Amino acid sequence: MSRASANARGTARPPFWTTRRRDVLSGYLFITPQLAGVLLFVLIPVGLAIWYSLNDWNVFTGKQTFVGAEHYAALASDPQLPSVLLATAIFSGGVVILNITLGLLIAVLLNRRFRGATLFRTLFFSPVVVSVVAWTLVWGFLLQDNGGINGLLATIGIKGPNWLQHGNTAMLSVIITQVVRSVGVNMVLFLSALQGVPSQLYEAARMDGAGGRTIFTRITLPLISPTVLLTAIITIVGALQSFAQIAVLTGGGPELSTTVLVYYVFQQAFEFNDIGYGSTLALMLLSFVMLLTLLQWQLRRKWVFHEQ
Amino acid sequence: MINARKTLGALALTAMFGLSAACAGPAAETSGPAELRMTVWTSNEAQLKLLNSIGDAYRADHPDVSKITFESLPFADYNTTLTTQIAGGNAPDLAWMGDLSKDLIASDALVGLTDKLKATDGWQYDDLLPSVTAEYSRNGTLYAYPFSNSPYALYVNTDLLAKAGQKIDPATLTWDQVAAAGAAVHEKTGKAGFVIRDFDYKSWNVLATVWTGWGAAAWSPDGKTCTFASPEMQKAFSFLHDAAFTTKATPSPGTTADFFAGDAAFTIAQVSRASLLTGSFKFGLHPLPAGPAGKYAVLGQAGVGVLTSSKHQSQATDFLAYLTNPSNAEKLAQFFPPPRKSLLTGAKLAANNKTLSAEQLQTVVVDQLPNAVTLPNHTSPAEIAQKGKTALDAMWKADADIPAVLRSVCAAIDPILAK
């Protein structure tokens, strides 16, 4: 069939730039900057980390020697790694539990209307905008044996511990320093979620005679559970990446009590110049973050409430 | 299946990018006028001004060098930043170095300087003091010029001692007398007794300023075997432990006291720290106190070398020879105790020193240098420092088992020493 005859019968070839194609192109254009960012700052670095983990790299001469899975085998025989993983679990667990519960508690308290509520919200959020290093340095001075916190305790007759010199109190110190600084983020997210809960539900529950605890567990928590999921993911990832607090406050000590995985990665790669083993540890950290995020995402079906 | 193929394709692309970046070799020596960059850890304006003036004078006679930059890096992160620059292909041409020198020399990352310096007219290679070049030499070749050789000395706050009714005789002073006077000062004034500056219960290598007085050393002279568990080291650490937890002659862990702010009776610090004295109290400066093994001296050193990764090795080496010639070495000596015998007299060092007298400089610098030992220095210094610190943390408790802790230090660092 000739083109002329086809046109004559009104079956002209459809235009190339259909609405669908235009939509697809604009979609790709919109995501291009983000895609470029992911490629440049995520995929390529991860690819490089995988390559480095398979090599020994003399950083002084630039010479790389392929060693295959040697660094992965070294993970199993690293005598410090169990202590590092334990410290990571304690630090992350402590930060996540305290951050979410305190963030929720403060948000619930500040969700009421009272004089000065805005001031309190600002006060709790303000540490978030302070430089993490400056924040930690100040806390370092406060937590010294002859520092401000023990000075305050002394005024009420209590001899405070040497906070940063003993394993348990050092870990407690870095957890509290981190939580006090970052709890404001979770507080704001929870406040926003709480303000989205319809007031009719509370009124109906009260009319049915429900108490405060029942209202909180049966109405508030289910309705803000998507935000709880979001904050849990953000807080866990943030806790696993906490570096400056450890580096400035304790340097990973005493002994290995506060040496968390991300600090250990830094030590191996940039202080000991073992880029290969440091990259292997970094990939292990990446695996942990991905696994925990995936796990939470899968478990969301069990406890996250979505309105139909 | 299509998605899987796309994913595999993306991964392959990523790996290709990665490999091409990772396998990029060092750049070849460039032609045309060179721009030299030297990393330093000082940010002192007067020192940088002097370095820049020497750089400007060199450029005036050397049109093949168009620019010389002195890049100040923070001391705390200096080694990390320098190695990151080298690993990232952005190495400086020349670098100051401290405990990183052994690694750089062992990796052939430094240009040998001996032939160039000997061949430079008027440089006077034989003027260098052998005891200060040893740390930067291998098989008879010098790899870094030891521009700063600052012995550790005992600073005394004589006002605080007088307030506590204490007197010392610097000529016969021992560590036991320092500890006794320090404990008395602490008891009577509430101020600290003696402070090992920069130690802070972390940087244990500075404790060599104490344990050398007991005849102890961190490892054998060949650097292969840990000697932390020796009887001499046990006695030295018993002394320090008693001072921290029993007599309170030194601040306990987690307590800070700054001698230069008037918070302590004594401090052990390098002579170059005298610039921190503000005149707010009367002070004395003496050689280190004697230990049970007798008199001794300990040295903190800094060197400057040319990196083999420099794109302008010949110009950088030539500039280093100029920077360190007798005339410029004399100028640098106003800030850094020099390695040249001809400049090492109290009178010459005092000529540009507003804080210390010729007699003090003769006693605490010139007389100490020929027999001084350096702080412990080894390849993999950061790893040894961290592993040693982790083990030594158990020492800083009132009920520490000193011999067991010292054995654990050896267990931690022996594998690194044996590498």
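Since the structure is predicted, the reported quantities are computational estimates derived from the model, not experimental observations. (Residues numbered from 1 in each chain as written. Chains lettered and ligands numbered in written order. Predicted model: local features only at pLDDT ≥ 70, side-chain atom pairs only at ≥ 80, totals over all residues. Heavy atoms only, no water.)

What to know about the pairing of strand 7 (residues 192–196) of chain B
Residue and element names in this part refer to chain B. Counted residue by residue, strand 7 has five buried out of five residues, so it is predominantly covered. When strand 7 meets strand 8 (residues 264–270), the two strands line up parallel, connected through four bridges. Within strand 8, the residue paired with Ile196 across the bridge is Ile268. (Buried < 20%, exposed > 50% of the residue type's maximum accessible area, 1.4 Å probe, protein only. Helix = DSSP H or I, 4+ residues; strand = E, 2+ residues; numbered from the N terminus. Pairing = 2+ DSSP bridges.)

What to know about helix 10 (residues 231–245) of chain B
All names here are of chain B. Given a rise of 1.5 Å per residue, 15 residues ought to cover 21 Å, and the 21 Å separating the end C-alpha atoms of helix 10 matches this to within 8%. Every buried residue of helix 10 is accounted for by Met233, Ala236, Phe237, Phe239, Leu240, His241, Ala243 and Ala244. Along its buried surface, helix 10 packs onto helix 8 (175–189), strand 7, helix 9 (208–211), helix 15 (381–392) and helix 16 (402–417). (Expected span 1.5 Å × (residues − 1). Contact = heavy atoms within 4.5 Å.)

What about the environment of A:Gly251?
Residue and element names in this part refer to chain A. Structurally, the position occupied by Gly251 is in the loop between helix 11 (244–249) and helix 12 (261–271). A residue is classified by how much of its surface remains accessible, and Gly251, at 26% relative accessible area, is partly exposed. Along the backbone, Gly251 and Gln267 are 16 residues apart, and their C-alpha atoms lie at a distance of 10.0 Å. When sequence neighbours within four positions are dropped, the list of residues in contact with Gly251 reads Ile246 and Tyr263.

Brief notes about the UniProt feature "domain: ABC transmembrane type-1" (unreviewed entry) in chain A
Per the UniProt annotation, the sites labelled "domain: ABC transmembrane type-1" (unreviewed entry) are residues 85–296 of chain A. As annotated, residues 85–296 of chain A has a helix share of 75% and a strand share of 0%, and its two end C-alpha atoms lie 20 Å apart. (UniProt positions renumbered as here; feature names shortened; annotations may be inferred.)

Overview of the UniProt feature "transmembrane region" (unreviewed entry) in chain A
All names here are of chain A. Taken from the UniProt record, the annotation "transmembrane region" (unreviewed entry) applies to residues 28–52, 84–110, 122–142, 170–194, 215–240, 246–266 and 278–299. The straight-line gap between the two end C-alpha atoms of residues 28–52 is 32 Å; of that span, 100% is helix and 0% is strand. End C-alpha to end C-alpha, residues 278–299 measures 32 Å, and it is 100% helix and 0% strand.

Observations concerning the packing of aromatic side chains
Applying the stated criterion to the full structure yields 38 aromatic pairs over all chains. Residues B:Trp41 and B:Phe75 carry aromatic rings whose centres are separated by 5.4 Å and whose planes lie at 80° to one another, so their mutual orientation is edge-to-face. Taken together, the residues span a long stretch of sequence, with B:Trp41 in the loop between strand 1 (34–40) and helix 2 (45–61) and B:Phe75 in the loop between strand 2 (65–72) and helix 3 (78–87) at a distance of 34 residues. Between B:Phe199 and B:Trp396, the aromatic rings sit 5.7 Å apart at their centres with planes inclined by 70°, giving edge-to-face as the arrangement. Note that B:Phe199 is positioned in the loop between strand 7 and helix 9 and B:Trp396 in the loop between helix 15 and helix 16, a separation of 197 residues in sequence. Looking at B:Phe199, the relative accessible area reads 8%, which means it is buried. Put simply, the rings of B:Trp41, B:Phe75, B:Tyr78, B:Trp96, B:Phe147, B:Phe335 and B:Phe336 pair up and form one aromatic cluster. When the ring centre of A:Trp297 is taken as reference, the NZ or CZ atom of A:Arg300 above it lies at 4.0 Å. Its end group placed over the ring of B:Trp123, B:Arg340 keeps NZ or CZ at 4.3 Å from the ring centre. (Phe/Tyr/Trp six-rings, centres within 6.5 Å; stacked < 30°, edge-to-face > 60°. Lys NZ or Arg CZ within 6 Å of the ring centre and 35° of its normal.)

Comments concerning the pairing of strand 2 (residues 63–66) of chain A
Residues and elements named next belong to chain A. Summarising the sheet, strand 1 (residues 55–58) and strand 2 pair through four bridges and their orientation is antiparallel. Looking at strand 2, one finds that Asp56 is bridged to Thr65. Between strand 1 and strand 2, which pair antiparallel and follow one another directly, the connecting turn spans four residues, one of which, Gly62, has a positive phi of 80°.

Some points on the pattern of salt bridges
Under the counting rule described, the total for this entry stands at 15 salt bridges over all chains. Ionic pairing is found between A:Asp145 and A:Lys159, a salt bridge with its closest N-O pair at 4.0 Å. Of the two residues, A:Asp145 is situated in the loop between helix 6 (132–142) and helix 7 (148–155) and A:Lys159 in the loop between helix 7 and helix 8 (167–194); the sequence distance between them amounts to 14 residues. A salt bridge links B:Asp56 to B:Arg59; the shortest N-O distance between them is 3.2 Å. On the criterion of helical spacing, the pair formed by B:Asp56 and B:Arg59 is a turn pair, its members being three residues apart in helix 2. We classify B:Asp56 as partly exposed; its relative accessible area is 43%. (Salt bridge = Lys/Arg side-chain N within 4 Å of Asp/Glu carboxyl O.)

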